[in-house]
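Working through the structure, step by step
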Amino acid sequence: MADTRQPIKAVRGTRDILPPDTSLWQHVEDSARRVFHRYNFHEIRTPIFEATELFARGVGEETDIVGKEMFTWEDKARAQSERSQSLTLRPENTAGVVRAYIEHKLGESGMLQKLYYVGPQFRRERPQKGRYRQFYQIGAEVLGPPSAGSESPARDAEVIVMLADLLREVGIQQWSLHLNSVGCADCRPKYNEALRAALKDVVHTMCADCRRRAVNNPLRVLDCKVPEDQPKIAALPTIGQYLDEKCRVHFSEVKSILDATGIRYDVNERMVRGIDYYTRTTFEFSHGGLGAQSALLGGGRYDGLSESLGGPKAPGIGFALGLDRFVIALEAEGVTAPATAPRAYIAPLGAGMNPEAAKLAHELREQGMAVEVGDESFRLKKSFESAERAGIPFVVIIGENEVKAGAFAVKDLTSGEQVTVSRGEIVKTLS
RNA sequence: GCGGCUAUAGUUCAGUGGUCAGAACGCCGGACUGUGGCUCCGGAUGUCGUGGGUUCAAAUCCCACUAGCCGCCCCA
């Protein structure tokens, strides 16, 4: 038997989010839902765990996420009717959404699907500020058959504009948008080849990290922060030079729409994304003051994902926003959630007054008013202090005098004024 | 997964070998027996992260573990 005095703690990389922090989280979630609905997005809820195969095929076998960061277990068969299978806590939600799109044949409607989700994701990384093993994302996906317009650069731009709206709505001001195109299945391999060829000549003069990246993932070399390497990196070929005609046109139309809507962005040809499925447009909104985890949200187009999961052709674009980091950014900018306190504190005074207080509280709550109730054992001073501390503007006293008179004493804590009102007038007095 | 820093009251922290571990804020009680904010008085804060070791003696030194933070990798 374990020592029962030893309290059990939240496991590494997980945490509790408590009030009043939760109200800031709700502020972000409520804002997101509001903004998304303006853009005609609808919520989808997919399972928190899926077949491991989904992420292996969707996110990419070679990615860090799939290679070393997934919570995976073998779910053993316990009955003849069950089969054993490998399951994984979702490390991201796009694969699950596309799986659902395919499974429910949403493309058959011929309509563009505009879906958003809110929920926990799981990655087994080293925890840090703004990086947790259970973290929360808000994301959205636009996908559908090409005939529904899913391939249009207008979709890319609309998603990005929506995010700028969300940032404004929520109150984040110090953001920057980084934009890139990573090309398609035709032109990206050509760029990769060119990059490898160029690196062959200079990589031996670069830092140890770069020498390793040049072999594993040449695109990552572009991310290097070592000052001495910068001139060499600047001389490497850029993806822009290798985009084919269609990709180039697509990218320039995305930019035109952003220009038309007044969204500021930097084209960053060195921006590399960690998930295999991205094609053409990729983007990232970042925020200062987040330290090593500066990315607030990121996304991009994934024209081949549905097919790689065995589905129909269904080009799409989406993003994921890290709520944990988003909230840190909000705090850094001093954004606070609108305060919510009950309207009145009902203070029963003296033995036998609890039922009277409960009766009044119930009547007020039935009419939609939020109220808090003290206890007949409290001295009045304690009731007033409790109301004061909770930010409740009115105290309603119910004692012997009030019951005899058939009225309540109502004190406005802001003005200090106290009046006596009948049961029938109390709602008006408190409103 | 790698490197570094850290862990003492609810919170922010002081305390680097020697009576029973401290401050501020917060909390509780009283002055004020049915009236908050200000003031004054009093009180409790705690297996000093966990487990070992060294020592006559450990919050303090050593080791391991756990957790957090910073950076790397990577990423939301």
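Computed from a predicted model, the values in this text were never measured in an experiment.

Re the domain arrangement of chain A
- When its domains are assigned, chain A resolves into domain 1 (21–187 + 243–332) and domain 2 (344–430).
- Computed from C-alpha atoms alone, the centre-to-centre distance between domain 1 and domain 2 is 50 Å.

Structural notes on the side chain of Glu50
- Along the chain, the position of Glu50 falls in strand 2 (residues 49–51).
- At a separation of 2.5 Å, a polar atom in the side chain of Glu50 contacts the side chain of Arg99.

A word on the pattern of salt bridges
- Under the definition given, this model contains 19 salt bridges.
- For Glu43, the salt bridge is made with Arg45, and the minimal N-O distance between the two is 3.0 Å.
- Assessed through its relative accessible area of 29%, Glu43 is described here as partly exposed.
- On the basis of relative accessibility, which here comes to 70%, the residue Arg45 falls in the exposed class.
- Here Glu53 and Arg57 are joined by a salt bridge, their closest N and O atoms 3.8 Å apart. Here the residue Glu53 and the residue Arg57 both occupy positions in helix 2 (residues 52–58), the gap between them amounting to four residues, near one helical turn.

Observations regarding the packing of aromatic side chains
- Summed over the entire model, instances satisfying the criterion amount to ten aromatic pairs.
- Ring centres of Trp25 and Tyr136 lie 5.4 Å apart, and the angle between their planes is 90°; on these two criteria the pair is classed as edge-to-face. Residue Trp25 is found in helix 1 (residues 21–38), and its partner Tyr136 is found in strand 6 (residues 134–143); the two are separated by 111 residues along the sequence.
- The exposure class of Trp25 is buried, given its relative accessible area of 7%.

Considering the sheet that holds strand 3 (residues 72–75)
- Overall, antiparallel pairing links the three strands, which are arranged 2-4-3 in an open sheet. Only two strands of the sheet have a single partner each, and these edge strands are strand 2 and strand 3. Across the sheet, the axes of successive neighbouring strands diverge by a mean angle of 35°, strand direction being ignored.
- Pairing between strand 2 and strand 4 (residues 85–89): three bridges, direction antiparallel. By the bridge assignment, Glu50 is partnered in strand 4 with Thr88.

What about the packing of helix 1 against helix 11 (residues 323–332)?
- One way to put it is that helix 1 packs onto helix 11 with a least axis distance of 10 Å and a crossing angle of 110°. Accordingly, the angle class assigned to the pair helix 1 and helix 11 is roughly perpendicular. Residue-level inspection shows Leu24, Trp25, His27, Val28 and Glu29 of helix 1 in contact with helix 11, the latter providing Leu323, Asp324, Phe326, Val327, Leu330 and Glu331.
- Per-class residue counts for the contact of helix 1 with helix 11 are seven nonpolar, one polar and three charged.

Looking at the side chain of Gln121
- By the secondary structure assignment, Gln121 is in strand 5 (residues 113–122).
- Look at Gln121 and you get buried, because its relative accessible area is 0%.
- Looking at Gln121, its side chain comes within polar contact range of the side chain of Arg90, at 3.2 Å.
- Residue contacts for Gln121: discarding those within four places in its chain leaves Arg90, Pro91, Glu92, Asn93, Arg133, Gln134, Phe135 and Gln137.

Cut-offs applied
- Residues numbered from 1 in each chain as written.
- Chains lettered and ligands numbered in written order.
- Predicted model: local features only at pLDDT ≥ 70, side-chain atom pairs only at ≥ 80, totals over all residues.
- Heavy atoms only, no water.
- Domains from an automatic or database assignment.
- Helix = DSSP H or I, 4+ residues; strand = E, 2+ residues; numbered from the N terminus.
- Polar contact = N/O pair within 3.5 Å; in protein donor to acceptor, adjacent residues only side chain to side chain.
- Salt bridge = Lys/Arg side-chain N within 4 Å of Asp/Glu carboxyl O.
- Buried < 20%, exposed > 50% of the residue type's maximum accessible area, 1.4 Å probe, protein only.
- Phe/Tyr/Trp six-rings, centres within 6.5 Å; stacked < 30°, edge-to-face > 60°.
- Pairing = 2+ DSSP bridges.
- Axes fitted to C-alpha atoms, helices over the stretch in contact; angles between N-to-C directions.
- Parallel < 35°, antiparallel > 145°, perpendicular 65-115°, else oblique.
- Contact = heavy atoms within 4.5 Å.
- Nonpolar A, V, L, I, M, F, W, Y, C, P; charged D, E, K, R; others polar.

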